[in-house]
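One letter stands for each residue in the lines below.
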Amino acid sequence: MLRYVRFSRAIATLGLLCLLPATVFAQANGGPRMDHENTLPPTPTGPTPRTPDGHPDLTGLWNGLADNLLGVPNQMHNVGIEVGTDTTRDIHSGAQIATWPLQKRKRQNNEQNERAATLLRRMGSNRPIYKPEYWQRVRDLDANSNEEDPSNSCMPAGVPRMGSPSLIVQQPTYVLFVYPGQGGLIATATSYRMIPTDGRKHTNLEDLDGTWNGESIGAWEGDTMVVDSIGFNSTSWFDQLGGYFHSENMHVIERLHRDGNTLTWTATVEDPDVLLEPWTTTPRVALLNPDPKAVLMESLPCSERDLAHVVTKEHH
Amino acid sequence: MPAKANMTTVSNNKVLVLAVFAGLALQTAGAQSNASKAGMGAKSMDAGPSGAAVGPGGAPDVAGTLKSAAEAVGLARWSGVGGERLPEVDVVSTMEFWGTGTTYGSERPSKSSEALPAFKTEYHVALGYNPPAMRVEMTRTSSGPSAQGGAAPLHTIQVVREKYAWDETEIGAGLIPGKGTATAAMAAANNRLLQLWILPYGVIKAAVAAGDKTKMLTENGSTVLTFPLSGSLANVLVKATLDANNQVSKVETRPDNPALTDLATETLYSDYADHGEIATDVKSPGHIIRKQGGRPALDIQVKTLDANNPYLVFPVPANVKDAAAH
């Protein structure tokens, strides 16, 4: 049997500690808590404010069940697994998943918690369909993600892996998206995107140097902000887990729609070089932070210190 | 968890199901004289290996037993990484394993005294339960008395996804023009799906999905679960025996139509462990022995397994969809 040496508890503990900065930040601002009782999206309430030009105003500090990767409930939400009190459903396939209601249960050590979390994050059926010649590569990247995942080396998550922005500032000719470094699964530095909405066209792809976030242009389709991005490097992965690599020909279409105090974000990934068909993320629903005094705190720097101590392939 | 197509309620077949259910119990309990007695020939549950078999009032605790069985193989899970207040859920979605052993030909020998053709087999299975799908890749080399010297290994890839079944010349064949051939094999769909649902994880998922139709008995001191499958396999009854660790040790299936011999199976599972290169706490059998239609079908030792919900996809080739539509 090819069993490697067991994962050290110290490493598992370090993994848990990675979650702390984001948690402290969010709870200090009246934001999400880690101890969700379900993974259902928040129900929208209140009116949707509009800017003077008539578009929905996306401005605000957004968090909640979306890409503030505060543990398993958020990650299950992000892959389309809706867990209720005694039922669980995959929103993409409609499959009902066996569920055993919460009751007194044995404590688990860090190893058990981390192993279960790794499985829970990968339960969803919504997987991009790669060309068959790349199936094994995706599996290998995921299995070896401790070394292969660029985020584990403090590289930027990039678009669309960063997910939904935590702060949006909307102006008549551009929007500003801010993504605080969060620890956890995408333990990367704070990133921002300044996205023109003035009607300009993309630069020719061959004239772009591939970057982590690409060249993004925003436009309104009705009440939905559509952000179209090209010009990526081929280093990033396009979802939080799974070894989902892409080529420099990736094209990403993000859609952001505000409904009262909720913001729903999706991204569609097109990459005819490696994918058989376009793939769309699970809709991620963020909740407006109601605290008018809430601010984004400075993120801790990402400094990779763990990899040299990892002795197994166990991973997030 | 069976997808919708396999979860279809078959209430109009209830009478038929009950009748066959009784028939199964008669067979498995040694054809006792009065099938109408509680437990249909087997003793009703009064105690189980896990101590979780009796519910309030002394009634058989089917739900508790299923939970114990799910936990015994690492299928029912929760995580303290932010999920302390979530219920336990079935985490087994996709899985891949590799094994070696013997498989047997399905052709009957010309003389009854002759042994079935046997093949040394490299066995590779990729499976998923959401949607239900399975890809079995085998490389078989003749062995035993029927072996022909110098025969080239036979490589086969058999796939099923829900109602679609096909054979591939290479993994993922037929999805991109010029890259392999996919040949529809619709008649094999039920047989292939059955292989998925009689794996220990499939048994637990299907028993939970069967709800009140799942019954619990004791036989020879062991806990036994019986339940019908659903969807296109609604005509198949399953009898699963749990061992002292609440792990599925034996699975028998019986179709309501005895002529469907491929759906009559008996599988033994043993040597449970976490066989993964990457530990998951998901326990899988290390040894699988199966009979089909009363004859040996396979005897496989599992070498390694990836239970970490790996990237496994089963897109249906367009020509297979076309074949199914006509």
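These numbers come from a predicted model, not from an experiment. (Residues numbered from 1 in each chain as written. Chains lettered and ligands numbered in written order. Predicted model: local features only at pLDDT ≥ 70, side-chain atom pairs only at ≥ 80, totals over all residues. Heavy atoms only, no water.)

1. Observations concerning the overall build of chain B
Let me state the cut-off plainly: Put simply, DSSP H or I for four residues or longer makes a helix, DSSP E for two residues or longer makes a strand, and each gets a number counted from the N terminus. Each residue is assigned to one of three classes by its accessible area relative to the maximum for its type, calculated with a 1.4 Å probe on protein chains only: buried under 20%, partly exposed between the two thresholds, exposed over 50%. Whether two residues are in contact is decided by their heavy atoms: any pair within 4.5 Å suffices. In short, Shrake-Rupley with a 1.4 Å probe defines the accessible areas, and a residue's cover is counted only from the protein chains shown.
Secondary structure summary: chain B contains six helices and 16 strands in total. In chain B, which comprises 326 residues, the share counted as buried stands at 55%. When contacts within chain B are restricted to residue pairs at least 6 apart in sequence, long-range pairs at least 24 apart make up 53% of them. A total accessible area of about 13,200 Å² is found for chain B, and carbon and sulfur atoms account for 53% of it.

2. Observations regarding the pattern of salt bridges
Opposite charge on two side chains lets them pair, provided their charged atoms get close. Going by this rule: In what follows, salt bridge is the name for a side-chain nitrogen of Lys or Arg lying within 4 Å of a carboxyl oxygen of Asp or Glu.
Under the criterion given, the structure shown has 25 salt bridges over all chains. Between Arg135 of chain B and Glu168 of chain B there is a salt bridge, with the nearest N and O atoms lying 3.1 Å from each other. Here Arg135 of chain B, found in strand 6 (residues 132–143), pairs with Glu168 of chain B, found in strand 8 (residues 164–168); they are 33 residues apart in sequence, far enough to count as distant. Neither Arg135 of chain B nor Glu168 of chain B differs from the other in exposure class; each is buried. Taken together, the shared-partner salt bridges in this structure form one network comprising Glu111, Arg115 and Glu314 of chain A together with Arg77 and Asp281 of chain B.

3. Focus: the sheet that holds strand 3 (residues 88–90) of chain B
Threshold: Strands pair, by our definition, only if DSSP identifies at least two bridges between them.
Taken together, three strands build an open sheet; the order of strands is 5(A)-3(B)-2(B) and the sheet is antiparallel. The open sheet has two free edges, formed respectively by strand 5 (99–100) of chain A together with strand 2 (76–77) of chain B, since each of these has just one partner strand. One ladder, built from two bridges, connects strand 2 of chain B with strand 3 of chain B; its direction is antiparallel. If you follow Arg77 of chain B over to strand 3 of chain B, its bridge partner there is Val89 of chain B.

4. Concerning the packing of helix 3 (residues 62–72) of chain B against helix 5 (residues 200–209) of chain B
Residue and element names in this part refer to chain B. Stated formally: Note on geometry: axes are C-alpha line fits, over the in-contact stretch for helices, and angles between N-to-C directions span 0 to 180 degrees. Throughout, the term roughly parallel applies to angles under 35 degrees, roughly antiparallel to angles over 145, roughly perpendicular to angles from 65 to 115, and oblique to all others. In this scheme the crossing of two helices becomes right-handed for a clockwise turn of the near helix relative to the far one and left-handed for an anticlockwise turn of less than a right angle. Throughout, the ten residues Ala, Val, Leu, Ile, Met, Phe, Trp, Tyr, Cys and Pro are labelled nonpolar, Asp, Glu, Lys and Arg are labelled charged, and all others, Gly among them, are labelled polar.
Between helix 3 and helix 5, whose axes approach to 10 Å, the crossing angle comes to 155°. The angle between helix 3 and helix 5 falls in the class roughly antiparallel. Where helix 3 crosses over helix 5, the two elements pack in a sense that is left-handed. Two secondary-structure elements touch here, helix 3 through Leu66, Ala69 and Ala70 and helix 5 through Ile204, Ala207 and Val208. Taken together, the residues of the contact of helix 3 with helix 5 sort by class into six nonpolar, no polar and no charged.

5. Side note on unusual backbone geometry
Note the cis peptide between Val159 of chain A and Pro160 of chain A, where omega equals 5°. Structurally, the position occupied by Pro160 of chain A is in the loop between helix 6 (145–148) and strand 6 (167–170). The residue after Asn130 of chain B, namely Pro131 of chain B, is reached through a cis peptide bond having omega 5°. If you trace the backbone, Pro131 of chain B turns up in the loop between strand 5 (118–129) and strand 6. Although it is not a glycine, Asn246 of chain B adopts a positive phi angle of roughly 65°.

6. A look at the pairing of strand 12 (residues 236–242) of chain B
Residues and elements named next belong to chain B. By the criterion of burial, strand 12 is predominantly enclosed, with seven of the seven residues buried. The alternating pattern of strand 12 places Val236, Val238, Ala240 and Leu242 on one face and Leu237, Lys239 and Thr241 on the opposite face, and all of these are buried. Relative to strand 12, strand 11 (residues 222–228) runs antiparallel, the two being bridged by five bridges. Paired with Leu225 across the bridge in strand 12 is Ala240. If you look at the hairpin formed by strand 12 and strand 13 (residues 248–255), you'll find five residues sitting between the two strands, and Asn246 has a positive phi there, around 65°.

7. A closer look at the sheet that holds strand 3 (residues 88–90) of chain A
Strands sit in the order 2-3-4 (chain A) across an open sheet of three strands; the sheet is antiparallel. Sheet topology places strand 2 (81–83) and strand 4 (96–97) of chain A at the edges, where each strand pairs with a single neighbour.

8. With respect to the interface of chain B and chain A
Interfaces are often sized by the accessible area lost when the parts come together. Rules: Take the accessible area each of two parts loses on contact, using a 1.4 Å probe, and add the two losses: that sum is the buried area.
Contact with chain B, which involves 53 residues of that partner, is made by 65 residues of chain A. Taking both sides of the interface into account, the surface hidden between chain B and chain A amounts to around 5,100 Å²; carbon and sulfur atoms contribute 62%. By the criterion of area lost to chain A, the three top residues of chain B are Val81, Arg85 and Tyr311 of chain B, representing 17% of everything that side buries. At the boundary of chain B with chain A, the tally comes to five salt bridges.

9. Quick look at the confidence of the model for chain B
All names here are of chain B. The condition is simple: On a range of 0 to 100, pLDDT expresses the predictor's confidence in each residue.
In this model, chain B carries a mean pLDDT of 83, and residues with pLDDT of at least 70 account for 79%. Contacts from residues 1–52, a stretch scored under 50 in pLDDT, to residues over four places away or in other chains number 93 contacts. On the interface metric, ipTM, the complex scores 0.88, and its pTM is 0.85.

10. Regarding the pairing of strand 9 (residues 215–221) of chain A
Residues and elements named next belong to chain A. Here strand 9 pairs with strand 10 (residues 224–230) via seven bridges, running antiparallel. From the neighbouring strand, Ala219 faces strand 10, where its bridge partner is Val226. Connecting the antiparallel pair strand 9 and strand 10 is a turn made up of two residues, with Gly222 showing a positive phi of about 65°.

11. Observations regarding the packing of aromatic side chains
Inclusion rule: Two aromatic rings, drawn from Phe, Tyr or Trp (for Trp, its six-membered ring), form a pair once their centres lie within 6.5 Å of each other, and the interplanar angle then sorts them: stacked below 30 degrees, edge-to-face above 60, tilted otherwise. Only Lys NZ and Arg CZ are tested; either one counts as a charge over a ring when it is within 6 Å of the ring centre and within 35 degrees of the ring normal.
One pass over the structure, following the stated rule, counts eleven aromatic pairs over all chains. Between Tyr130 of chain A and Tyr311 of chain B, the ring centres sit 5.8 Å apart and the planes meet at 85°, which makes this aromatic pair edge-to-face. Of this pair, Tyr130 of chain A sits in the loop between helix 4 (110–121) and helix 5 (135–143) while Tyr311 of chain B sits in the loop between strand 16 (295–306) and helix 6 (318–325), each in a different chain. Judged by its relative accessible area of 0%, Tyr130 of chain A is buried. Plain terms: the ring middles of Phe238 of chain A and Tyr244 of chain A are 5.8 Å apart, the flat faces sit at 25° to each other, and that makes the pair stacked. We note Arg105 of chain A situated over the ring of Trp78 of chain B; from NZ or CZ to the ring centre the distance is 3.9 Å. When the ring centre of Phe245 of chain A is taken as origin, the NZ or CZ atom of Arg137 of chain A, which lies over that ring, is 3.9 Å away.

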